[in-house]
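Residue-level listing of the chains:
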Amino acid sequence: MDKKFNFNFNAKKAIVPVAIILLLVIIAFNSFTVVEAGHTGVVVTLGKVKEGVLQEGIHAKAPFVQNVVKIDNRIQKLEVSTEAFSKDLQSVQTVLAINYRVDTSKSYSIYKNIGADYENVLVVPAVNEVLKAITATYTAEESVTNRVLISEGLVTGLNEKLNSIGLYVTDVNIIDFDFSEAFITAIEEKQVAQQQLLKAETEKRTAITNAEAAAEAVKIKAEAEAEANKTISASLTDRVIENKKIEKWNGELPKVTGGGSTIIDIGDVSDNTKE
């Protein structure tokens, strides 16, 4: 009976120091905080945000009284899907990838004035507003061919709206532009018509070129023949003509000769002479 009482008494006595040690461990763990690399810590004391931030490393804090909210200051990627309208009132479904970061020196003011969900509260609405303003200056077809200009315009417009708050957009990539089926069909028909027109113009230019080449060939041939005839005419002197006659004579006298109204058949004269 005494042994049981002593055991229970000793167990109760041990609970107190164990509880004290456990409480001290809990207090010790709550007296320090670690701010990871690429983050800043915003100190909140009983709901009040302290001005300034904690940099990377280990920091002491008042246990159970102070809380440290970690703000990621590394470049973050946000993907936004939104709809806008082009200058020619075409609906443009757009998917954007935005890279942005939070200024370390303004982490506390962003958390104090906006909260931890600053991305949905500030960044997404700003993206929608700036995109709609930019796409309204381009036709739907121009939006496709001017993606780089639109991306650059988004970066500039977003920084103008967000830099004063402490948010900096580093890059905007247009992942996709999607248009209505009717617009896509119209674009395809336009491209087909342009290709047919280009083909017709090419064939026309080819035909003109061939005709000009043929005309030039005829002209060159005619000029060559004229030059040849000119050369031949210049070379035909009276002596040359007589030589040509002699070369072509077969040795026989002409059978008929005479002048005026008198015609003599040389063949008959020859026969009579033989008789």
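Refer to the preceding data block for the structure.
Residues numbered from 1 in each chain as written. Predicted model: local features only at pLDDT ≥ 70, side-chain atom pairs only at ≥ 80, totals over all residues. Heavy atoms only, no water.

> Describe in detail the pattern of salt bridges, supporting the description with residues and values.
One pass over the full model with this rule turns up two salt bridges. Here Asp72 makes a salt bridge to Arg74, at a shortest N to O gap of 3.0 Å. Its salt-bridge partner being Lys161, residue Glu129 comes within 3.4 Å of it at the nearest N-O pair. Of this pair, Glu129 sits in helix H3 (residues 118-135) while Lys161 sits in helix H5 (residues 147-162), and the two are 32 residues apart along the sequence. (Salt bridge = Lys/Arg side-chain N within 4 Å of Asp/Glu carboxyl O. Helix = DSSP H or I, 4+ residues; strand = E, 2+ residues; numbered from the N terminus.)

> Tell me about the sheet that holds strand S7 (residues 91-102), residues and numbers included.
Read from one edge of the open sheet, three strands run S6-S7-S8, paired in antiparallel fashion. Of all strands in the sheet, those with a lone pairing partner are strand S6 (76-85) and strand S8 (167-178), marking the two edges. Here the strands of the sheet are splayed against their neighbours by 25° on average, with no regard to which way each runs. In this sheet, S8 lies alongside S7 in antiparallel orientation, the contact comprising 10 bridges. Counterpart to Asn99 in the pairing with S8 is Asp171. Contacts from H5 reach S7 and S8, with the element oriented near 145° to S8. (Pairing = 2+ DSSP bridges. Axes fitted to C-alpha atoms, helices over the stretch in contact; angles between N-to-C directions. Contact = heavy atoms within 4.5 Å.)

> Give me the lowdown on the sheet that holds strand S2 (residues 39-45), citing residues and values where you can.
Sheet architecture is open: three strands sit in the order S3-S2-S5, paired in antiparallel fashion. Among the strands making up the open sheet, the edge pair consists of strand S3 (48-49) and strand S5 (66-72). Two strands pair when backbone bridges link them, and S2 and S3 are joined in this way by two bridges, in the antiparallel orientation. Bridge pairing in S3 places Val44 opposite Val49.

> Could you give an account of the nonpolar core, with specific residues and numbers?
Counting residues in hydrophobic clusters, the biggest one holds 37 residues, and the most contacted among them are Leu96, Leu154, Leu167 and Val172. Among the elements that make up this core, the one with the highest residue count is H3 (eight residues). Non-local contacts of Leu167, meaning those with residues more than four positions away in its chain, are made with Tyr100, Arg101, Val102, Ile110, Tyr118, Leu122, Val123, Asn159 and Leu162. (Core = buried A, V, L, I, M, F, W, Y, C linked by side-chain atoms within 4.5 Å. Buried < 20%, exposed > 50% of the residue type's maximum accessible area, 1.4 Å probe, protein only.)

> Let's hear about the side chain of Ser109: which residues, and what values?
Of note, Ser109 is situated in helix H2 (residues 107-113). Of the polar contacts made by the side chain of Ser109, one reaches the backbone oxygen of Lys106; its length is 2.9 Å. The residues touching Ser109, leaving out its near neighbours within four places in the chain, are Ile114 and Ile165. (Polar contact = N/O pair within 3.5 Å; in protein donor to acceptor, adjacent residues only side chain to side chain.)

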